[in-house]
Amino acid sequence: SKFGALFDQYCDHIREVTVVAGLALHGALNPFLAGLYGLAYPAFNLTLYLCNAQRVPVSLAVKSYVIVYPALFAFLWFGSNWLDLAVALSITLMALVVAIGLTRLRRAM
């Protein structure tokens with residue numbers, strides 16, 4: 001249902017921000033990057049939602065778990081910390097999609 005999809009998004013956001021905050025709290029992730037991620041992730045999803053609602057979809061969508069979670073698993077299983085790099089890359093790609101989306105929304109609105 002539409003409500004189920006919305007509730008799923010809330011749960012996704014809570015999970016992502018909680019995981020990233022926990023990593024920063026325990027020193028595995030730069031706190032500045034964690035804060036940026038906490039802003040970029042919802043901005044990214046809100047932009048995609050608005051673009052779809054205005055019928056100007058963005059063809060490029062970044063799934064942060066494809067970038068961040070492999071680094072998280074490498075950290076947890078092998079002790080190699082690529083988290084700062086993975087989170088920075090994810091933030092950069094999400095910011096790019098937000099910029100593209102806002103440009104398309106500006107033209108559509």
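Residue indices begin from 1 for each chain and proceed along its sequence in written order. In keeping with the predicted nature of the model, local features appear solely for residues at pLDDT of at least 70, side-chain atom pairs appear and are counted solely at 80 or more, and the whole-chain, interface and lining totals rest on all residues. Note that the side-chain values use all heavy atoms of the structure and ignore hydrogens as well as water.

1. A word on the nonpolar core
Side chains of a nonpolar character, in soluble globular proteins, are inclined to be buried together. In plain terms, the rule: Residues belong to one nonpolar core when they are buried, are Ala, Val, Leu, Ile, Met, Phe, Trp, Tyr or Cys, and are joined through side-chain atoms within 4.5 Å. For every residue, the accessible area obtained with a 1.4 Å probe (protein chains only) is divided by the maximum for its type, and the residue is called buried under 20%, exposed over 50%, and partly exposed between those limits. Under the scheme used here, helices are H or I runs from DSSP no shorter than 4 residues and strands are E runs no shorter than 2 residues, and both carry numbers assigned from the N terminus. Whether two residues are in contact is decided by their heavy atoms, any of which lying within 4.5 Å being enough.
In this structure, Leu29, Tyr37, Phe44, Leu83 and Val87 are the most contacted members of the largest nonpolar core, which totals 29 residues. Elements with a minimum of two residues in this core: α1 (2–25), α2 (31–53), α3 (64–78) and α4 (83–108). Those residues within four positions of Leu29 in sequence are excluded, and the remaining contacts are Val20, Leu23, Ala24, Ala34, Leu83, Asp84 and Val87.

2. Structural notes on the packing of α3 against α4
Rules: To define axes, lines are fitted to C-alpha atoms, for helices over the stretch in contact only, and angles between the resulting N-to-C directions are given on a 0 to 180 degree scale. We call two directions roughly parallel when the angle between them is under 35 degrees, roughly antiparallel when it is over 145, roughly perpendicular when it lies between 65 and 115, and oblique otherwise. Residues were grouped as follows: Ala, Val, Leu, Ile, Met, Phe, Trp, Tyr, Cys and Pro as nonpolar; Asp, Glu, Lys and Arg as charged; and all remaining residues, including Gly, as polar.
Taken N-terminus to C-terminus, the directions of α3 and α4 make an angle of 175°; their axes are 9 Å apart at the nearest point. As summarised for this structure, α3 and α4 are arranged roughly antiparallel, according to the angle between their axes. In contact with Ser64, Ile67, Val68, Ala71, Leu72 and Phe75 of α3, α4 contributes Leu83, Ala86, Val87, Leu89, Ser90 and Leu93. Taken together, the residues of the contact of α3 with α4 sort by class into 10 nonpolar, two polar and no charged.

3. What to know about the pattern of salt bridges
Defined as follows: For this analysis, a salt bridge means a side-chain nitrogen from Lys or Arg found within 4 Å of a carboxyl oxygen belonging to Asp or Glu.
Across all of its chains, the model carries two salt bridges by this definition. Asp12 serves as the salt-bridge partner of Arg15, at 3.2 Å between the closest nitrogen and oxygen. With Arg15 and Asp12 both in helix α1 and three residues apart, the pair spans about one turn of that helix. Three or more residues joined by partner-sharing salt bridges are found here, namely Asp12, Arg15 and Glu16.

4. Quick notes on the side chain of Thr47
This is how it is decided: Definition of a polar contact: a pair of N or O atoms within 3.5 Å, with one able to donate and the other able to accept a hydrogen when the atoms are protein atoms, and with sequence-neighbouring residues admitted only if both atoms are side-chain atoms.
By secondary structure assignment, the location of Thr47 is in helix α2. The exposure class assigned to Thr47 is buried, which follows from its relative accessible area of 6%. At 2.7 Å, the side chain of Thr47 forms a polar contact with the backbone oxygen of Ala43. Residues within four places of Thr47 in sequence aside, it is in contact with Val97, Val98, Gly101 and Leu102.

5. Focus on the packing of α2 against α4
Here is the rule: The crossing is said to be left-handed when, going from far helix to near helix, the turn is anticlockwise and less than a right angle, and right-handed when the turn is clockwise.
At a closest axis distance of 9 Å, the pairing of α2 and α4 adopts a crossing angle of 30°. For α2 against α4, the interelement crossing comes out left-handed. Contacts between α2 and α4 involve Leu33, Leu36, Tyr37, Ala40, Tyr41, Ala43, Phe44, Thr47, Leu48, Leu50 and Cys51 from the former and Asp84, Val87, Ala88, Ser90, Ile91, Met94, Val97, Val98, Gly101, Leu102 and Leu105 from the latter. Split into classes, the residues belonging to the contact of α2 with α4 amount to 18 nonpolar, three polar and one charged.

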